[in-house]
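# Structural description and commentary
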Amino acid sequence: MASDDEQSESRRPQDTKFKQQRLPAWQPVLTATNVLPFMFAIGLAFIPLGVAFLITSNQVQEIMVDYTHCKSQDDPSLTCAEYLANSNNTGGSCFCEVTFTLPTNFTAPVFIYYSLTNYYQNHRRYVKSRDNDQLRGKKISSSDCQDPFLKVENYSGTGRDYTYAPCGAIANSFFNDTLKIYLNDSEVKLLNTGIAWSTDRSTKYKNPPGDDFAKAFNNTLKPRNWQKPVYDLDPSNVHNTGYENEDLMVWMRTAALPTFRKLYRRVDTSNGFQGSLPAGNYTLRVTYQYPTVQFNGGKRMVISTVSWLGGKNPFLGIAYLVVGSLCIVIGFVFLIIHLKIGKSASTLSSEISSRTPY
Amino acid sequence: MSVIVRMPDGTIKLMIKGADTVIYDRLEGDQPFKDITIQHLTDFANLGLRTLCVAVTTIAPDFYDDWKELYFRASTSIQNREKKLEEAAELIERNLQLLGATAIEDRLQDGVIETISNLAKAEIKTWILTGDKQETAVNIGYSCKLFTQSMVLLIINETDIDSTRECLTRHVNEFGEHLRKENEVGLVIDGQTLNFALSYDCCQDFLDVAMSCKGVICCRVSPLQKTEIVNLIRYRVHAISLAIGDGANDVGMIQAAHVGVGISGVEGLQAACASDYSIAQFQYLNKLLFVHGAWSYHRLTKLILYSFYKNICLHLIEFWFAILSGFSGQVLFERWTLGFYNVLFTAAPPFALGLFDRWCSAEAMLRFPVLYKSSQNSEFFNIRIFWLWCLNSVFHSILLFWLVVLALEQDVAFEDGKIGDYLFLGNMVYTYVIVVVCIKAGFEMNAWTWVCHVAIWGSIVFWFVFFTVYCHLWPTIDQAPEMVGMDVNVFGCGIFWIGLFLIPLTTLLRDVMWKVLHRIMFKSIHEEVQELEMKHEDPAKMVIKATRKRLTETARLLKNVFTRSTNRMQEVQSEMQPRGYAFSQEEHGVVLQSELIRAYDTTVEKPEGL
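Structure report, in brief. Since the model is a prediction, treat every value here as computed from it, not as a measurement.

A few words on the pairing of strand S11 (residues 260-267) of chain A. Residue and element names in this part refer to chain A. Along S11, seven of the eight residues are buried, which leaves the element largely enclosed by surrounding structure. Sheet topology places strand S4 (residues 110-116) next to S11; six bridges connect them, and they run antiparallel. Following the sheet pairing, Leu-116 is matched in S11 by Phe-260. The pairing of strand S9 (residues 190-191) with S11 spans two bridges and is classified as antiparallel. In the sheet register, Leu-190 faces S11, and the bridge partner there is Val-267.

This brings us to the state of the cysteines. All names here are of chain A. Per the counting criterion, the structure on display carries three disulfides over all chains. Each disulfide pairs two cysteine sulfurs, and for Cys-70 the partner residue is Cys-96, the sulfurs being separated by 1.9 Å. Measuring handedness by torsion sign, the sulfur bridge of Cys-70 and Cys-96 sits at about -65° and is left-handed. Residue Cys-70 is found in the loop between strand S1 (62-66) and helix H3 (80-85), and its partner Cys-96 is found in strand S2 (residues 94-102); the two are separated by 26 residues along the sequence. Of the two residues, Cys-70 and Cys-96, both sit in the buried class. Two residues, Cys-145 and Cys-167, share a disulfide whose sulfurs are 1.8 Å apart. As the torsion about the S-S bond is roughly 60°, the Cys-145-Cys-167 disulfide counts as right-handed. Of this pair, Cys-145 sits in the loop between helix H5 (132-135) and strand S5 (151-152) while Cys-167 sits in the loop between strand S6 (162-164) and helix H6 (169-172), and the two are 22 residues apart along the sequence. Residue classification places Cys-167 among the buried positions, given a relative accessible area of 2%. For chain A, the bonded cysteines pair up as 1-4, 2-3, 5-6 when numbered in the order they occur along the sequence.

All names here are of chain B. This structure, assessed with the given rule, holds 28 salt bridges over all chains. The closest approach of N and O atoms between Asp-511 and Lys-440, which form a salt bridge, is 2.5 Å. Residue Asp-511 is located in helix H22 (residues 494-521), and its partner Lys-440 is located in helix H19 (residues 422-444); the two are separated by 71 residues in the primary sequence. A cluster of three or more residues bridged by salt bridges with shared partners is formed by Lys-440, Glu-444, Arg-510, Asp-511 and Lys-515.

The rules behind each value
- Residues numbered from 1 in each chain as written.
- Chains lettered and ligands numbered in written order.
- Predicted model: local features only at pLDDT ≥ 70, side-chain atom pairs only at ≥ 80, totals over all residues.
- Heavy atoms only, no water.
- Buried < 20%, exposed > 50% of the residue type's maximum accessible area, 1.4 Å probe, protein only.
- Helix = DSSP H or I, 4+ residues; strand = E, 2+ residues; numbered from the N terminus.
- Pairing = 2+ DSSP bridges.
- Disulfide = S-S within 2.5 Å.
- Salt bridge = Lys/Arg side-chain N within 4 Å of Asp/Glu carboxyl O.

And the structure:
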């Protein structure tokens, strides 16, 4: 009998709040009276913020120069695009010039971008066509890239496979136009470091070990569409060549949208152009090597200052303004509805007293 | 039921107990206490006691000897033994002297009456299927308030199929246009008649009559018939059926019904083992249905709708991105963040919704069973609501993706002029999705317990923590090389934080507006109860007022119509009004009454104490 009692004791479910569904709870009741103050508060907070963001964005100066169809300097009857389209000139370069004007002084820091249109860097097969271990310098040959960007079999009859360094479609399509800016024939000094993500520089991209670069990249080939091999990317700066070239890093960071821009250079405002890029007539000299016309892609150069929000984009400011005004409108609508309908409901329930006949 | 004894002085006496109607028929002439005993019986019946009359008569010895032989022959006859025994009993149970009446309190379980009346308030039709005699069953029906004194009782007791059919057709015609509506009528039918009524040609008529009655009692039904009746309701009427029983003879019907409830206890555990839910007392059905049943329904609907919503929201974004990526199939998010969406980051809110959400407080649900109605009508889960949620999901995904794309359109996202990539966009979108989806779960909950807080805010925080850790895995662990540096850059981007305030708010603005407008314009009864409870006012008046409206004018009129036309029937009824319970001896029971009597040695004094 005693054991039965014990057993029946232990089978009884515990009488805790958790197990008996009696947890204390806050009941969020969304009535007009509760929501009204929030709507007004949000509206009143968002509108000044929207104005602030809009002002910030408008203070950013930006100018875009399209040079897709610029005329070749050697043969003015041809555009550089047509020059490259000619099969004799594949892999060659064409020089062209475009003039543009800066309407105001561009206050430092000023950045130079190149922008491509109709260029789907976010295509699935393109995005996965890279080898991160190779770029980290861990191995020379690769297995992650897909043909035809992987290797050349039986290179020059040597009987061995030579891998492309770096392999993959992203690397192969590396942007290789050179852009220089001149103000009245004096070149604006541009810096090509400090343009890639610091984490890329520290973790993702490393040259294969060894002092002699050319030897480290033995038995590899430059990618098919490149003019020079990877270890010659920046001969002047040993920290910016090979895989650690920042232009390469920036290019390898595949863009999200088909119209994108990538950071090309920073304007060096330490000497000469202190504090700003002055207003005036400028010339853009392009070493045009990158063919985009065959897929209707456009090439532009963008000069832009930045704010703490980034580039020139009024969207956030406008969005805050719109949402803030919407909230205030909704607040007023709720107020009116609450005063009209809400009042009538509460008077109805208060009219029921003990003498109301059932 | 009688017993013949020989007294110590040699006289033979017959002592009999039975229902008052039976005993009074056999009394000898005029007795001094007949009328006063009837008065007593009525009083006992009003108190709800089970009554019996006790009578005695003396039998002459030679008459007894003759009868003894007759009785012996009857009890050993091979054919018609029961009939012959009855005839023999008839012969000797005559000219009785009334001794008096007894009344026994044979109470129903606690809370049965309240439970049945609550079921009626919740518009759940209750039928009693019992193996007892008709009088007992009807008495129980009155005592548990399934039948009220103002109701008309239809009693169907036929012996063959033709008369059954005729009787049912007659009742159907009497109902006329009130067929299958709410009427103050009760039906009593016994097992033999049920055999015929459930046959193919009478089935529909029987159903029509039964559905027009407020309560139905089927007496003398066998377990198989119980199952048949439940199947009839289930498949012909397409109503959701619940069967509750406590004995082995109820197992069939418990299993046939949609929901089978077994009462574990006195009669054993067969019913409890065969059931979907087993409870200890009948009154627990209240809480099972009105609290846990209703809560379960609401939790499940929210869970299902929410699960579809959160998945559509995230994965539709892939489609929007495909528009921008040439439909090449590139995924906007990193592979494992996507994989862990349902497992880690949005797993907790469905749990909180499905286990702890409380649509209405337990006290209110128990006090006002009418609130249960909303879970009976598919009010919360039907095709329209499902597609509205899907539409909402599409709307959210559009806002979540395109607003971010517009914010990052010119790529430059940082103060040092640097640009992001597709995964940078993807991680921002993903964070906003998790925030929106978790807060949306919060809006759908009616009761925010600490579990809900943990589920919602904990999920969001967990994503931030996971994101930070995950981006530092490569190259130590060969996983997610494309995520390296994402956390530093996403959290260091002003656009991200500004968007974190703007975009979830914009996305959920419509949901909030809808809820508030819905509450103002189409306030449902439970929302009113909720608000009154929060103000610490008693919702009783409001509920009564709201439910009174339910009895429409037509219903009120037809109530009067019915009582007028069947008044004659009612008068007949009142004559036969049973005074108290008919204590039915379970004939052919396991233990015979005669054996039971002889088990006790009546010469020994009863022990004291108990």
